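Letter by letter, the chains look like this.
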Amino acid sequence: NNRILVSQGLKRMRAGQLQPGLAALFKAAGRDPKKATAMDLGFILGPRLNAAGRLADMRLGVECLLTEDTSRALSIAQQLDALNRERREIESGMQEQALILLESIDANDAAPGIALFDPSWHEGVVGILASRIKDKLHRPVFAFAPGEGGIIKGSGRSIPGLHLRDALDLVAKRSPGLLIRFGGHAMAAGATVNAENFEKFRESFAQVAAELLAPADL
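So, how was this worked out
- Residues numbered from 1 in each chain as written.
- Predicted model: local features only at pLDDT ≥ 70, side-chain atom pairs only at ≥ 80, totals over all residues.
- Heavy atoms only, no water.
- Phe/Tyr/Trp six-rings, centres within 6.5 Å; stacked < 30°, edge-to-face > 60°.
- Helix = DSSP H or I, 4+ residues; strand = E, 2+ residues; numbered from the N terminus.
- Buried < 20%, exposed > 50% of the residue type's maximum accessible area, 1.4 Å probe, protein only.
- Pairing = 2+ DSSP bridges.
- Core = buried A, V, L, I, M, F, W, Y, C linked by side-chain atoms within 4.5 Å.
- Contact = heavy atoms within 4.5 Å.
- Polar contact = N/O pair within 3.5 Å; in protein donor to acceptor, adjacent residues only side chain to side chain.
- Expected span 1.5 Å × (residues − 1).

Trainee: Can you walk me through the packing of aromatic side chains in this structure?
Mentor: Each aromatic ring pair is specified by the distance between its two centres and by the angle formed by the two planes. Evaluation of the coordinates by the stated rule reveals seven aromatic pairs. Look at Phe 142 and Phe 205: their rings are 5.2 Å apart centre to centre, the planes differ by 90°, and that puts the pair in the edge-to-face class. Remark: Phe 205 occurs in helix H8 (residues 198–212) and Phe 142 occurs in strand S2 (residues 141–146); sequence separation between them is 63 residues. The exposure class assigned to Phe 205 is buried, which follows from its relative accessible area of 0%. Taken together through their ring pairs, the aromatic side chains of Phe 117, Phe 142, Phe 144, Phe 198, Phe 201 and Phe 205 make up a single cluster.

Here it is as structure tokens:
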């Protein structure tokens, strides 16, 4: 079903039947909608819309898609383009820090479950960072960034063999009050804790991962 929708949508876009917001996003990205491909949607338009939710307010992206006003659409598309450039710069800086951090971690010595926190990280991009580190170490990983009021917000990515949301549920049951909130599914999840409890979470998550993962999973 999704392939049919994408195929039909692209057909209409190439024929010029697209909302002002989509036309504006193509223009801001310097792409021609007459030559639109699935790659344009996934890697050109998609990240610009996502940047609003990561760094500002997702309503900006929604308004871009819904507005009938061409000039307003162009204005929003330019804002989204700028936000996406900012997102890339933030992500690049965080990745550099993470790679330096990873150089000091031997994959063979790494805990079965890893949690990282840096006060300079941005909460809108920690999920991408967790995914990169997970790929590098083949371990379930949580990356945390500061929130407001002394809390930190983490985004996690997992590997086959560990259901991340169930692992958090076990952490919560063993340490009542440790997790302010959490949610997600098998391969990705989010968790919020008080900054002062980060070390406790890190230890608890590593312990749960060690119990749930077989050596072959790692």
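Trainee: Sorry, what's going on with the pairing of strand S5 (residues 188–194) here?
Mentor: Every other side chain in a regular strand lies on the same face of the sheet, so the side chains alternate between the two faces. For S5, the buried fraction is high: five of the seven residues fall into the buried class. As paired elements, strand S3 (residues 151–157) and S5 share seven bridges and run antiparallel to each other. Paired with Ile 151 across the two strands is Asn 194, which belongs to S5. One ladder, built from four bridges, connects strand S4 (residues 181–184) with S5; its direction is antiparallel. If you follow Gly 183 over to S5, its bridge partner there is Gly 190. Hairpin connection from S4 to S5: three residues lie between these consecutive antiparallel strands.

Trainee: How do you make sense of the nonpolar core when you look at a structure like this?
Mentor: Soluble globular proteins: nonpolar side chains tend toward being buried together. Met 13, Leu 25, Leu 80, Trp 121, Leu 129 and Ile 133 are the most contacted members of the largest nonpolar core, which has 38 residues in total. Breaking this core down by element, the ones donating at least two residues are helix H1 (2–14), helix H2 (20–28), helix H3 (38–55), helix H4 (59–66), helix H5 (70–103), strand S1 (114–117), helix H6 (126–137) and S2. For this core, the leading source of residues is H5, giving eight residues. Apart from the residues lying within four places of it in its own chain, the contact partners of Trp 121 are Met 94, Gln 97, Leu 101, Leu 116, Val 126, Leu 129, Ala 143, Phe 144, Ala 145 and Pro 146. Grouped together as the second largest cluster of nonpolar side chains are 21 residues, Phe 144, Ile 152, Val 193 and Phe 205 included.

Trainee: Help me understand the side chain of Lys 134 in this model?
Mentor: As for its placement among the helices and strands, Lys 134 is situated in helix H6. In this structure the side chain of Lys 134 is engaged in a polar contact, spanning 3.0 Å, whose partner is the side chain of Asp 135. Contact partners of Lys 134, with chain neighbours within four places excluded, come to Arg 139, Val 141, Arg 157, Ser 158 and Ile 159.

Trainee: I would appreciate a short explanation of H6 in the present structure.
Mentor: A turn of α-helix holds 3.6 residues, and therefore any two residues three or four places apart point the same way. Counted at 1.5 Å a residue, the expected span for H6 with its 12 residues is 16 Å, and the 16 Å between its end C-alpha atoms agrees. Within H6, the full set of buried residues consists of Val 126, Gly 127, Ile 128, Leu 129, Ala 130, Ile 133, Lys 134 and Leu 137. Packing partners of the buried residues in H6 comprise H3, H5, S1, S2 and S3. Once H6 ends, the next one or two residues include His 138, with phi positive near 50°.

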